[in-house]
Amino acid sequence: MNDPQAGGAVGTGEIVAELRGVSHRYNKTTALNRVDLAIPAGCMAGLIGPDAAGKSTLLGLVAGTKRLQAGQVRVLGGDIADEAHRRRCYARIAFMPQGLGRNLYPTLTVAENLHFFGQLYGQERAERQTRIDELLKATGLARFPDRPVGKLSGGMKQKLGLCCALIHDPDLLILDEPTTGIDPLSRRQFWDLIDRIRARRSGMSVLVATAYMEEAERFDWLAAMSEGSVIASGAAAEIEAMTGADNLEASFIQLLPPEKRAGHEPVVLPPRMGEDGPPAIEATNLTCRFGDFTAVDRVSFQIRRGEIFGFLGSNGCGKTTTMKMLTGLLPASEGEARIFGRELDASDLQTRRHVGYMSQSFSLYSELTVRQNLSLHAHLFHLPRKEIAPRIAEMLDRFDLAEVADALPAALPLGVRQRLSLAVALIHRPDLLILDEPTSGVDPVARDEFWRYLIELSRHEGVTIFISTHFMHEAERCDRISLMHAGKVLAVGAPAELAAKRGGGTLDDAFVAYLQEVVQDEVQPPSDTAAVPAGNDHAMAAAARPFSLRRLWAFAQRELTEIQRDPIRLAFALLGPIFLLITFGFGISFDVERLPFAVYDGDRTPESRELVESLSGSRYFVEQPPMASAAELERRLKSGGVSLAIEIPPGFGRDVWRGSQPEIAVWLDGATPFRAETARGYLEGLMVQHGQELARRQGVDPGALLPADIEIRLPFNPSFESVYAITPGVIMLLLAMIPAMMTALGVVREKEIGSIANFHATPVSRLEYLVGKQAPYVAIALASFLIQWLLAALVFGIEVTGSAGALLVGALCYVTATTAFGLLVSTFVRTQIAAIFATSIIIIIPTVNFSGFMTPVSSLEQSGRIFGLSFPSAYFQQVSLGTFVKGLGWGELWFNHLILIGFACAYLAVAILLLKKQEA
Amino acid sequence: MGRMLGNIFRLGVKELRSLYADPVLLILMLYTFTVAIYEVSKNVQMEVDHAAIAVIDEDQSQLSRRLTDAFLPPQFKPAIEIGAPEVDPGLERGDFVFALTIPPHFERDLLAGRKPGLQLDVDATAMSLAGNGAVYVENIVGREIAAAQNQGVAQSALPFDVVVRAAFNPNLSSARFLAIMQLTENITILAIILTGAALIREREHGTIEHLLVMPVSPFEIMCAKIWANGAAILVATSLSLYAVVQAVLGVEVSGSIPLFLAGSALYLFAVTALGIFLATLAGSMPQFGLLCIPVFVVMNLLSGAMTPLESMPVWLQTVMQASPSTHFVKLAQAILFRGAGLDLIWRHLLPVAGIGAILFAIAWMRFRRAIAQS
């Protein structure tokens, strides 16, 4: 069955990709287990099987986006492990990853996305435009070139994804579950489109993974996969003949190993017993608007108690929104919903106890074990304490989860996770179960098993089930279904009834017929005259080039457009520094003034009062109410109410005149050393002045006390104002933090969102990718710097006294280094939280403490100096301070510029090393 | 009530588990509360300590040599002697911060009672050092001259004597100050980022919705995030205080550490609430990252931890009263530096609690509204 030649009979007889002994593991999980497979060229080849079967891994290995771990993969006549061949292959292979528009950029328009991909393959603008026009015409998207991708429907996104994949005329087109989550009409249009393209480019091989067996029927060649192995390959008819089943789904089940198939029998839906009472759900004219977009438009339906009600429609048609309104998650803009006769109120937690909800993305907590997940939900629903343990045991037993009770959900196959989700949703014995696409991506056996649970719940326990699905087979098992499109309900009724109304074909045909009525004006039928561009060779030559400015520019331009579409982020990036510069210019000051002091005066004579006045008369000290005892003195110091406490002994006035030199005790609050030190300096100065004054009155020549004058010269800051010293430092701080924060999320965010796939699947190199992402932020940071420079001059009157050129070039080198640092952070963190935190904490400590901003570098200890010198800030601080206030130029500063450039290159080099062109 | 507390507890445990699942984040937290505190406390100096000074001795007399030798550790590094043309380049490069010029015939003029002038050049861009250092230089010069004149008897001729002592910190060492202040700053940064980003992550991953279909209120979700992230930071803070500040750095703190930790818990309530508030303002993680920088930078640099609060303009001092960090810094200083007890620090606790309550209320309102619109 695993004979590599099994598929040789179809197509041209040639092989497009061949796997020998290929195994692949993710940590402990085996995704592929010694797979041997030959995929025929020039035809439509399909991979079928459940979600965790290893289909995506296999496609990734063939596309060269995943690193080969064991075995050999030959694609398009060469070894994919050979880097030179792989680079040539990027231009010949197109890879469309799983997920609706996951590799597209939602804020960019249709045309911008296509231009981006065209640029990656080295196409000139004119050539790109011709190709884009033709592709858009061929796919019927020609009317929406300027619509942002985020606002396209799922079907349109997939068509655009296909356009992006076809822009460089690939010889091998790889599609990973391209039609999951889109409506039947779009699905048909999608396959028609593929057929038309293949008709024009007959040499093209197509490799598709799908979970829809009915789609797989039309493929020329199939490989069925289960648990990392290929269990059969050949034409659909051959496979059916081999198993003796009449359709592919049944054949697939037949092919499964006996233990997986055990107990499998067709799902039977027993008739529903009539029940009385108010309907479980009654929706009347439910409407939900987001801004001017109507997601759900006057939807009405009734679901009877104990009924299984199916909700069909494409992604984005409003199914999920409707369900959310019924769970109370979203308030309805208009209309009314009643649950068991009670009007739905989002703030009413009581109704939620009757409802179990399994959301689309859900989303078990991956950090909790199976048992902990059940326990968390049992507690959140406040089952009586005594019932919790037995209830968990019951659910584990009923849903066959006992063996995996202490495993983490991530380690479990999707089918098991889905059973767990259902168990979680049922833990509090709800009367109504709302399930949003619970079976997406689950294999047929597990899906049937899941339905048996649902039927049992409905028929034996009277639970009302409201379920949304893409699968027509599942829809046929519902008591009644509702077809939804673009926020509207098209039809409601029993599946057979609806099929009969629209010509008596299958339910799928009926749905397509309903859809066609409403969408005619929405999508222009693709024109048959549009030619799909023919292949050319220069794309391959361009892709093989190791460095291309055009690809770099493609990423830079895309990043820039994304920033343009997110003006809030741009505003934060430009306004944040303005706010901070002004605040710090006024706020950070080392001038110690208005220190609160208090006196414990044991003397109370004119002399003692005079002494106190000599302090309170200066701008450095502010007198507080006097203290009555030594104990109060201690308490006041302790509370921080005074920074300085003065104790004047009894008999002070008398002793002064006697010449017996009485002693005044002064207590400084040493808690804040800098302030205490400054206070001591001021105090001693004032005391000397006062003492001289007193001595003069006593007839002593005070001249002997200070025989020499000290003239203090402050060459860089004649008025000794903090703002001159602080502002250049604040600019240094801001040019480190904000640019780095902008780039720090760059890579890790693409990983979380999924658009990193384009980096893996296209000819772009690591250098082009990183520098392309960096360049726009360097420009923004430089613009921000110019604004800060202007502010320093206008608001604080700080002019550049040295070389403006050295400052500008220094700033450019510095922001290049700090943005490169951000990218470096982005390549080693795993989550966006860690990226934000790392950028903040790693940067702020050396910039504030060790770069000469708050304390001069010359008075740092050795290791602190090393700490400071190992970050670019210390060098730019020299440039900033030097050119702003010290009047320095290139002659004194050039070395700092060189070091800054060195930092930029080093950070980028490490980031390149950490970033992997192929996934694990 | 019991139910609510139960929910909050359980959701918080879940929060802690997801924190535990991100090793990079944990390593960063460890760095923040150990290495970072150690480095700053050990290596930064706010006081005049080993300041670099140069002397241009154009007199070459006994007195001028006496002055040159008078600059001693710990305040100064031994003075370097240079020629007059090297003053400006040396100051520009930052080789030294002070340059004292002793003119020719200084000693002769002094003895003749002509009051000769000395010149002190100061690099005033080194703000923390320049002012205090200049005072020290003046004092040292004055003392030495007086001593020289009185043949070594440096007797104060003032009619009274001033004895200055520093309470709580006799040597005015900044190691303790810097360690504790850096700790308060790191608490602020971490509390804002951890809580705010945790909320945005749940929103971006869609798990928050799942919580909301259960009988769980936004209030409970918020409280869970606050206690769980607050507790994680509090544990890190205790570790930092006991293990790094006390054991490794050998810094003695005056007051009760448990009391400080209790104050920190209250502060964490306020700052984590602020984190949630910021998260409701930001639409995405990149926006949040840029939004929180100005917030925590202002909260840290203007709280009085870096530079004295009294030296800021009065209007800014008033504005900074609205920041919980200002009060927390005072609280930390009172307890850990001056050994103040609850009887003295309640006036710092009260504003932290008040601001915390207000931030919490605003965050809660915005969070509820944000959820309704999601």
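Note that the structure is predicted; figures quoted are calculated from it, not measured. (Residues numbered from 1 in each chain as written. Chains lettered and ligands numbered in written order. Predicted model: local features only at pLDDT ≥ 70, side-chain atom pairs only at ≥ 80, totals over all residues.)

(A) Spotlight on the overall build of chain B. Looking only at helices and strands, chain B features 15 helices and five strands. Rg of the C-alpha trace for chain B: 27 Å, well past the compact-globule value of 21 Å for 374 residues, more than 25% over. Overall, chain B is about 95 × 45 × 40 Å in size when its C-alpha atoms are taken along their principal axes. Of all intrachain contacts in chain B linking residues separated by at least 6 positions in sequence, the fraction that spans at least 24 positions is 80%. (Helix = DSSP H or I, 4+ residues; strand = E, 2+ residues; numbered from the N terminus. Rg over C-alpha atoms; globule rule 2.2 N^0.38 Å. Contact = placed C-beta atoms within 7 Å.)

(B) Just the overall build of chain A, in detail. Along chain A, the regular secondary structure elements total 35 helices and 25 strands. Over its C-alpha atoms, taken along the principal directions, chain A stretches across nearly 125 × 70 × 50 Å. Residue burial in chain A is summarised as follows: out of 920 residues, 53% are buried. Long-range pairs, those at least 24 residues apart, make up 76% of the contacts in chain A with a sequence separation of at least 6. (Buried ≥ 20, exposed ≤ 12 C-beta atoms within 10 Å, placed from the backbone.)

(C) Geometry of the pairing of strand β16 (residues 355-358) of chain A. All names here are of chain A. Neither face of β16 is open: one carries Val 355 and Tyr 357, the other Gly 356 and Met 358, and all of them are buried. Here β16 pairs with strand β17 (residues 432-436) via four bridges, running parallel. Residue pairing for β17: Gly 356 is matched across the bridge by Leu 433. (Pairing = 2+ DSSP bridges.)

(D) Main features of the environment of Val 75 of chain A. Here Val 75 of chain A shows up in strand β4 (residues 70-75). A tally of 26 C-beta atoms within 10 Å means that Val 75 of chain A is categorised as buried.

(E) Broad picture of the interface of chain B and chain A. The interface of chain B with chain A comprises 122 residues on the first partner and 128 residues on the second. It is helix α7 (residues 127-149) of chain B that provides the largest number of residues to the side of chain B that touches chain A, a total of 13 residues. Summarising the sheet, strand β25 (residues 709-713) of chain A and strand β4 (residues 117-122) of chain B pair through five bridges and their orientation is parallel. Within the sheet, the bridge partner assigned to Ile 712 of chain A lies in β4 of chain B and is Leu 120 of chain B.

(F) Structural context of the sheet that holds strand β8 (residues 205-210) of chain A. Residues and elements named next belong to chain A. Sheet architecture is open: six strands sit in the order β6-β7-β8-β3-β9-β10, paired in mixed fashion. Here the strands that pair on one side only, and so sit at the sheet edges, are β6 (93-96) and β10 (229-234). On average, each strand axis in the sheet is inclined to that of its neighbour by 15 degrees, with strand direction left out of account. Pairing between strand β3 (residues 44-48) and strand β9 (residues 221-226): four bridges, direction parallel. Of the residues in β9, the one forming a bridge with Ala 45 is Trp 221. Contacts from helix α8 (residues 236-243) reach β9 and β10 within the one sheet, and its direction differs from that of β10 by about 110 degrees. (Axes fitted to C-alpha atoms, helices over the stretch in contact; angles between N-to-C directions.)

All quantities given are derived from atomic positions and should not be read as evidence of function.
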